[in-house]
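# Structure at a glance
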Amino acid sequence: LPDASAYDLCANNPLQPWVILPDKTYTATFGLANHTPHSLWLIFKDVEKNLLASVSAQLTNGTFQASGSSGLYEKPNFGQIFFKDLQDQIYQLTATASGFSDYIGNIPVSGQTQEQIIMNKL
């Protein structure tokens, strides 16, 4: 999206970058959110780099708390969660998914931040 856009890209399926071959047809879906100065786009994968559906995530910092869940295979946000209206600061992320160890870590957010989180199988 252009820098001056009123929207932020908050999901896409499949993820970029794309390999586009001549004489082929491709389908992609996108999610857009109203622009916010600071946001966090999380992409959840297993160690084999496969996107993970149904990851529950909680983002906290002091009294601030937000939660979300990654989308299913057919959805634009498959394996992804987008948090908007954040501040330029460090947040603690706790992510859980059935069959995977919990992920707990700190994520600095400044501008439109994107992070890939690798979840380890139990």
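Everything below is about the structure printed above this text.
Here we summarise the structure given alongside this text. (Residues numbered from 1 in each chain as written. Predicted model: local features only at pLDDT ≥ 70, side-chain atom pairs only at ≥ 80, totals over all residues. Heavy atoms only, no water.)

### A short note on the overall build of the chain
If you tally the helices and strands in the chain, you get zero helices and nine strands. Seen along its three principal axes, the alpha-carbon backbone of the chain occupies a region of about 50 × 40 × 20 Å. Classification of the 122 residues of the chain by burial places 38% in the buried group. Nonlocal contacts in the chain, meaning residues at least 24 apart in sequence, comprise 56% of its contacts between residues at least 6 apart. (Helix = DSSP H or I, 4+ residues; strand = E, 2+ residues; numbered from the N terminus. Buried < 20%, exposed > 50% of the residue type's maximum accessible area, 1.4 Å probe, protein only. Contact = heavy atoms within 4.5 Å.)

### Here's the deal with the sheet that holds strand β4 (residues 56–61)
Strand order in the open sheet made by the four strands is β5-β4-β7-β8, with antiparallel pairing throughout. What marks the edges here is a single partner per strand, and that holds for β5 (64–69) and β8 (103–109). Each neighbouring strand pair of the sheet contributes to a mean axis angle of 25 degrees, computed without reference to strand direction. Where strand β7 (residues 89–96) meets β8, seven bridges bridge the pair, whose relative direction is antiparallel. Residue pairing in the sheet places L93 in a bridge with G105 of β8. (Pairing = 2+ DSSP bridges. Axes fitted to C-alpha atoms, helices over the stretch in contact; angles between N-to-C directions.)

### Digging into the nonpolar core
The biggest cluster of nonpolar side chains holds 20 residues, and the ones touching the most others in it are L40, L42, F44, F83 and M119. Apart from residues lying up to four places away in sequence, F44 is in contact with N50, L51, L52, V55, A57, G79, I81, A95, I117 and M119. With eight residues, the next largest nonpolar core counts W41, I43, L51 and F78 among its residues. (Core = buried A, V, L, I, M, F, W, Y, C linked by side-chain atoms within 4.5 Å.)

### Observations regarding the environment of Q92
In this fold, Q92 is placed in strand β7. Exposure remark for Q92: the relative accessible area of 36% places this residue in the partly exposed category. Here the alpha-carbon distance between Q92 and E48, two residues 44 residues apart in the chain, equals 25 Å. If we ignore the near neighbours within four places in the chain, the residues touching Q92 are Q58, L59, T60, I104, G105 and N106.

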